[in-house]
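Descriptive structure summary
Listed here are the chains, written in short residue letters.
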Amino acid sequence: MSTGPANPKGRDRPWIFRTYAGHSTAADSNALYRANLEKGQTGLSVAFDLPTQTGYDSDHQLARGEVGKVGVPVSHIGDMRTLFQDIPLAQMNTSMTINATAAWLLALYTAVAEEQGADRKQLTGTTQNDIIKEYLSRGTYVFPPRPSMRLIENTITWSYRELPKWNPMNVCSYHLQEAGATQVQEMSYALATAIAVLDAVKASGEVSEEAFPVVVGRISFFVNAGIRFVTEMCKMRAFTELWDGICRQRYGVEDEKLRRFRYGVQVNSLGLTEQQPENNVYRILLEMLAVTLSKNARARAVQLPAWNEALGLPRPWDQQWSLRMQQILAYETDLLEFGDIFDGSREIESKVEALKAQVREEMRCIEEMGGALAAVESGYMKEQMVLSNAARLHRIESGEQMIVGVNSYRETEVSPLSGGDGDSVLTVPEHVEYEQVERLKAWRASRDNGVAMKALAELKSAAGEGRNVMEPSIACAKAGVTTGEWGATLREVFGEYRAPTGVGVVVQLEHDDIEEARAAVSALSAKLGTPVKFLVGKPGLDGHSNGAEQIAVRAGECGMEVLYEGIRLTPAEIVDAAIEQGAHAVGLSILSGSHVPLVRDVMNRMRGAGLDKVPVIVGGIIPEDDQLVLKQLGVAAVYTPKDFRVNRMMADIVRLMDARLNDAAA
């Protein structure tokens, strides 16, 4: 395992180098981790697949097509053992992007570390464990907000006692910006989340007044850095100063070290383009500078996306390229030899103060609503982000916000990176899911089922009685309980939840070319004798709903009656809704890479229900070869991130509906 070069005297230590990774199987991901560590990566950042993130086993109905696609499937302690085989967890700093099932994955990790002989009190790393942003952006929530907050509180109070070097919560504003949040919203919502969590921990009575500052000091953050890197750097200085003030004034933390704004970062993936993807290398570099240039607001850990993530899953070489970018900045430049190069800059100070004032005002509004949980439950924060994302999209469509290669300077040579004989992204073979399911069945058959059921009964009792669920979860892990069984047990106690979608918000933006779409919708409605009905569905477990929300909002602006119930629907539920509500078109949004099996299921069910004449439109990150497959399945149109002119898309969809209507009448 590479340790990297020694740190020369007079230079600051570099941040932790990470790459967000995990795919296919635990064995394949383990090989990738060990290879990256040999190349100089200094920490692990684990991506779990969607069934794992949402508390389902790989053989659950909703897991179909999703196994191993956006991360590694971990169904039980055997998978976790394989994932970290030959990686000494006592020496590793591991970040796990996990939220609704964070308590379970932390329990599995702790159990495996103890099997390796590690002292749990020496474990270092982070569980993201920020459920509030899941209701607003990624959608991998399971339980209602208040039971979810209790699970976060359980992991924090347990970690304080048992894993004192672990960051039990990583307040995550990264996905907020990915969903279109402004810098002010990103900071406001993240800080409001941190306050809600710390207030809950304090109210639990599980931590003494004297020890509470230590708990505050273990809260870390995970932020986004966009292309406006001067503004983003000012954002980080503002974040640092605002958090210091909250720790001092609200929680009375005197120790400066415990007030420190400790954050990791992944630079913006929303701005990566499918068109001319080689330009993404420059974007990633500039965004990294935003979180490294200012010493007083420098990230503690950095993970960079790969240049081709807008096309699909990056290959090991692509991840290596991003790792080398970090190493060159840290080891070849003189960045780490200086103090903060922005101290005393009037321009920077002015921008920082302006951002802080705006954040304080937004946080005051959230506080008046009753805090972050209330602002989630009311739909306020989600609606504000939908509005911000709509405004961002409008700026791109109008050309006000230039994106090179997308809405300007589109002329290009053929890229040798994404062209040629080899594939430019990694694909997960379909047999991976079958093999994972077979291993899961064998695991259940080989364990002591009585011991597993007894452990689950104790977990259910602890959850129902209000006791901390961490030790019962570790007992479940050691007893061979599966992820789906753990999730189902807590679903019985806490129930499930469907978050507000935010699409009911009325958007009033001036579009130069929206009238054509509105006229087409009006004409088709008159022809039908009823308003045009457009059903927007998200099949499977993909919770990234930003695109679906913007399509739903724009369809409403154009005069359609929009049918949208949010995320996590089965193909059967989508087709049933199309029948019951008389949809004239069905739009499917899938960004997890599971588009072929899920769309195939939807199309088969549409034909079986006699809905052959209802056009199905698919949007997502879909390679060209797969677009052809979807068309062969009967999909009427496929849209990818390069199709940024939404009004044209709306007009196209109306024409498809009209054409199918004419075919049916012929």
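Everything here concerns the structure above.
Just so it is clear, the structure is predicted and the values come from calculations on it, not from any experiment.

**Concerning the overall build of the protein**
When you go through the protein residue by residue, the secondary structure sums to 25 helices and 15 strands. In summary, the protein has a C-alpha radius of gyration of 25 Å against a globular reference of 26 Å for 666 residues, a match within 12%. If one aligns the C-alpha atoms of the protein with their principal axes, the spans along those axes are about 75 × 70 × 55 Å. The 666 residues of the protein split such that 60% are buried. Counting only contacts in the protein whose residues sit at least 6 apart along the sequence, the fraction spanning at least 24 positions is 80%. With the model as given, the accessible surface of the protein reaches about 25900 Å², and the carbon-plus-sulfur share is 51%. Put simply, the protein has 69 plus and 86 minus side-chain charges, and the middle of one group is 3 Å from the middle of the other.

**With respect to the nonpolar core**
Counting residues in hydrophobic clusters, the biggest one holds 168 residues, and the most contacted among them are F221, W243 and M381. If you tally residues by element for this core, the top one is helix 8 (residues 183-204), at 12 residues. Residue contacts for W243: discarding those within four places in its chain leaves L191, A194, L198, V216, F221, R259, R260 and F261. Counting 26 residues, the second largest nonpolar core, distinct from the first, contains A578, V599, V616 and V635.

**Brief notes about the environment of T640**
Note that T640 resides in the loop between strand 15 (637-639) and helix 25 (646-665). Residue classification places T640 among the buried positions, given a relative accessible area of 6%. Taking C-alpha positions, T640 is 5.7 Å from I621, a pair spaced 19 residues apart along the chain. Those residues within four positions of T640 in sequence are excluded, and the remaining contacts are E274, G620, I622 and Q627.

**Some points on the packing of aromatic side chains**
Across all of its chains, the model carries 18 aromatic pairs by this definition. Ring geometry for Y135 versus Y141: centroids 5.0 Å apart, planes at 40°, classification tilted. Here Y135 falls in the buried class, since its relative accessible area comes to 3%. Its relative accessible area of 5% is what places Y141 among the buried residues. Here the aromatic rings of F212 and Y251 are separated by 5.7 Å at their centres, their planes lie at 50°, and the arrangement is tilted. With F212 in helix 9 (residues 212-218) and Y251 in the loop between helix 10 (229-249) and strand 9 (263-267), the pair connects residues that are 39 residues apart, well separated along the chain. Of the two residues, F212 and Y251, neither departs from the other in class, the shared state being buried. Taken together through their ring pairs, the aromatic side chains of F221, F239, W243, F261 and Y263 make up a single cluster. Above the plane of the ring of F212 lies K202, whose end atom (NZ or CZ) is 5.1 Å from the centre. Positioned above the aromatic ring of Y56 is the side chain of R491, whose terminal nitrogen or guanidinium carbon lies 4.2 Å from the ring centre.

**Focus: unusual backbone geometry**
At N129, a residue that is not glycine, the phi angle is positive and equals roughly 55°. In this structure N129 comes out as buried when scored by relative accessible area, which is 2%. The phi angle at R568 is positive, at roughly 60°, despite the residue not being glycine. With respect to the element layout, R568 can be found in the loop between strand 12 (561-564) and helix 22 (571-581). Given the relative accessible area of 10%, R568 is considered buried.

**Some words on a nonpolar patch on the surface**
Nonpolar side chains collect at one region of the surface, where M402, V404 and Y409 lie side by side and expose about 330 Å² of accessible area between them. Relative to the assigned elements, M402 resides in the loop between helix 15 (380-398) and helix 16 (431-446). Classification of M402 as exposed rests on a relative accessible area of 52%.

**Observations concerning the sheet that holds strand 12**
Read from one edge of the open sheet, five strands run 12-11-13-14-15, paired in parallel fashion. On the outer flanks of this sheet lie strand 12 and strand 15, each paired with one strand and no other. Neighbour to neighbour, the strand axes of the sheet diverge by 20° on average, direction disregarded. Pairing of strand 11 (residues 533-537) with strand 12 involves four bridges; the strand directions are parallel. Note that in strand 12 the partner of V536 across the bridge is Y564. Of the strands in this sheet, strand 11, strand 12 and strand 13 (585-590) touch helix 21 (residues 546-557), which is tilted by about 160° from strand 12. Across the face of the sheet, helix 23 (residues 595-608) comes into contact with strand 13 and strand 14 (616-620) while running at roughly 160° to strand 13.

**Looking at the pattern of salt bridges**
Any two side chains of opposite charge can pair if their charged atoms end up close together. According to the stated counting rule, one finds 45 salt bridges in the structure shown. A salt bridge links E377 to R146; the shortest N-O distance between them is 3.0 Å. Placement of the pair is E377 in helix 14 (residues 372-377) and R146 in helix 6 (residues 145-162), with a sequence separation of 231 residues. Residue E377 is classed as partly exposed on the basis of its relative accessible area of 34%.

Reading the values: rules and limits
Residues numbered from 1 in each chain as written. Predicted model: local features only at pLDDT ≥ 70, side-chain atom pairs only at ≥ 80, totals over all residues. Heavy atoms only, no water. Helix = DSSP H or I, 4+ residues; strand = E, 2+ residues; numbered from the N terminus. Rg over C-alpha atoms; globule rule 2.2 N^0.38 Å. Buried < 20%, exposed > 50% of the residue type's maximum accessible area, 1.4 Å probe, protein only. Contact = heavy atoms within 4.5 Å. Areas by Shrake-Rupley, 256 points an atom, 1.4 Å probe, with all protein chains shown as cover. Lys, Arg positive; Asp, Glu negative; His and termini not counted. Charge placed at Lys NZ, Arg CZ, Asp CG, Glu CD. Core = buried A, V, L, I, M, F, W, Y, C linked by side-chain atoms within 4.5 Å. Phe/Tyr/Trp six-rings, centres within 6.5 Å; stacked < 30°, edge-to-face > 60°. Lys NZ or Arg CZ within 6 Å of the ring centre and 35° of its normal. Patch = residues over 30% accessible without salt bridge, like charges linked within 9 Å, V, L, I, M, F, W, Y side chains within 5 Å. Salt bridge = Lys/Arg side-chain N within 4 Å of Asp/Glu carboxyl O. Pairing = 2+ DSSP bridges. Axes fitted to C-alpha atoms, helices over the stretch in contact; angles between N-to-C directions.

These results come straight from atomic positions and should not be treated as a statement about function.
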